[in-house]
Amino acid sequence: MKTTISYKTKEYHIDLSKPLDISIAVRGTKENVNSWYIDNPKIEPHCDSDFVGSISAGSSTNFYDIWFNPHSHGTHTECVGHISKEHQSINQNLHQFFFLAEVITIAPSEENGDLVITKNQLKKLLEDKAPKALVIRTMPNSETKLKRQYSNTNPPYIIEDAMEYIRDLGVEHLLIDLPSVDKEKDDGQLLAHKAFWNFYGEVRLGATITEFIYVKDAIADGSYFLNLQVAPFENDASPSRPVLYKIE
Ligand SMILES: N[C@@H](CC(=O)c1ccccc1NC=O)C(=O)O
């Protein structure tokens, strides 16, 4: 199922029958990816006195409750509401779902004992490009990213001026395979989040950050169309399923 997209001055060809899913699914087990010091997600039959919402337990249907936190347990997309006092909902701020995207791969470099993504690394990869969406795959890229327990591990993050560079390039949707764009323990500074949303200037309400993606090695760096949609929760963040389509 092939289609042609006219965007700005160009035409692009993509094959809708070849989606490249870069989300991490949420499972109700301890093996699920996790961060921010909370329990694993739960997906369990709803129980009420004698009732157990499971066919194997005698119910007519499977009727499961789900407990999870979008920031901790899988691919999620957030808006500025993640760091603002005023309520802002991702479902009210993300209005379009197809974007021209660039996939890049970076091995974070060591700085003061942390692993960080720097402006120089980004500049080298993005110099002549200005994608609306930027997908960052970090190295190493093993499949353990699908179930890693990130709490208290000080994962890599994006340096503030690198994020200013991303913002000033015009990237409106940033996707990354880490639990956060900021340092795990930063005393609430959230410098990269603030830089991305231009928090102290004209706030970029329509801009989004998607964390906990997983971009398989088989997906090469380069230009793609991205379909990004969230589950329609009215919350700062919601589970999402980013899907790439190779430009043919
Ligand atoms: N680094 C922050 C915490 C933080 O960033 C955070 C905490 C809970 C859930 C998500 C977080 N950041 C996600 O991008 C702090 O140390 O206060």
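Our subject is the structure that appears above.
Attention in this report is confined to the structure presented alongside it. (Residues numbered from 1 in each chain as written. Predicted model: local features only at pLDDT ≥ 70, side-chain atom pairs only at ≥ 80, totals over all residues. Heavy atoms only, no water.)

This paragraph deals with the site of the ligand. Lining the immediate surroundings of the ligand are Trp36, His82, Ser180, Lys183, Glu184, Lys185, Asp186, Asp187, Gly188, Leu190, His193 and Glu211. A distance of 2.8 Å is found between a nitrogen atom of the ligand and a backbone nitrogen or oxygen belonging to Glu184. Protein burial of the ligand: of its 410 Å² of free accessible surface, 74% is covered by the chains. (Near = heavy atom within 4 Å. Polar contact = N/O pair within 3.5 Å; in protein donor to acceptor, adjacent residues only side chain to side chain. Areas by Shrake-Rupley, 256 points an atom, 1.4 Å probe, with all protein chains shown as cover.)

Contact geometry for helix H2 (residues 119–126) and helix H3 (residues 160–168): axes closest at 8 Å, N-to-C directions at 30°. The pairing of H2 with H3 is recorded here as roughly parallel in orientation. Judged by residue contacts, Lys119, Leu122, Lys123 and Leu126 of H2 engage Asp161, Ala162, Tyr165 and Ile166 from H3. Classifying every residue of the contact of H2 with H3 gives five nonpolar, no polar and three charged. (Axes fitted to C-alpha atoms, helices over the stretch in contact; angles between N-to-C directions. Helix = DSSP H or I, 4+ residues; strand = E, 2+ residues; numbered from the N terminus. Parallel < 35°, antiparallel > 145°, perpendicular 65-115°, else oblique. Contact = heavy atoms within 4.5 Å. Nonpolar A, V, L, I, M, F, W, Y, C, P; charged D, E, K, R; others polar.)

With that settled, consider the pairing of strand S9 (residues 98–106). In terms of residue burial, S9 counts as a mostly covered element, since seven of its nine residues are buried. For S9 and strand S16 (residues 222–227), the ladder comprises six bridges, and the chain directions are antiparallel. Paired with Ala101 across the two strands is Tyr224, which belongs to S16. One ladder, built from six bridges, connects S9 with strand S12 (residues 133–138); its direction is parallel. The residue of S12 that forms the bridge with Val103 is Val135. (Buried < 20%, exposed > 50% of the residue type's maximum accessible area, 1.4 Å probe, protein only. Pairing = 2+ DSSP bridges.)

Once that is clear, we can look at unusual backbone geometry. Of note, the amide linkage connecting Met139 to Pro140 takes the cis form, showing an omega dihedral of -5°. Take Pro140: it is sitting in the loop between S12 and strand S13 (157–158). Of note in this structure, Asn154 is not a glycine but carries a positive phi near 45°. The topology assignment puts Asn154 in the loop between S12 and S13. Its identity as a non-glycine residue notwithstanding, Phe212 has a phi of 65°, on the positive side. Within the fold, Phe212 resides in the loop between strand S15 (208–211) and S16. Taking the relative accessible area as the measure of exposure, Phe212 reaches 0% and is therefore buried.

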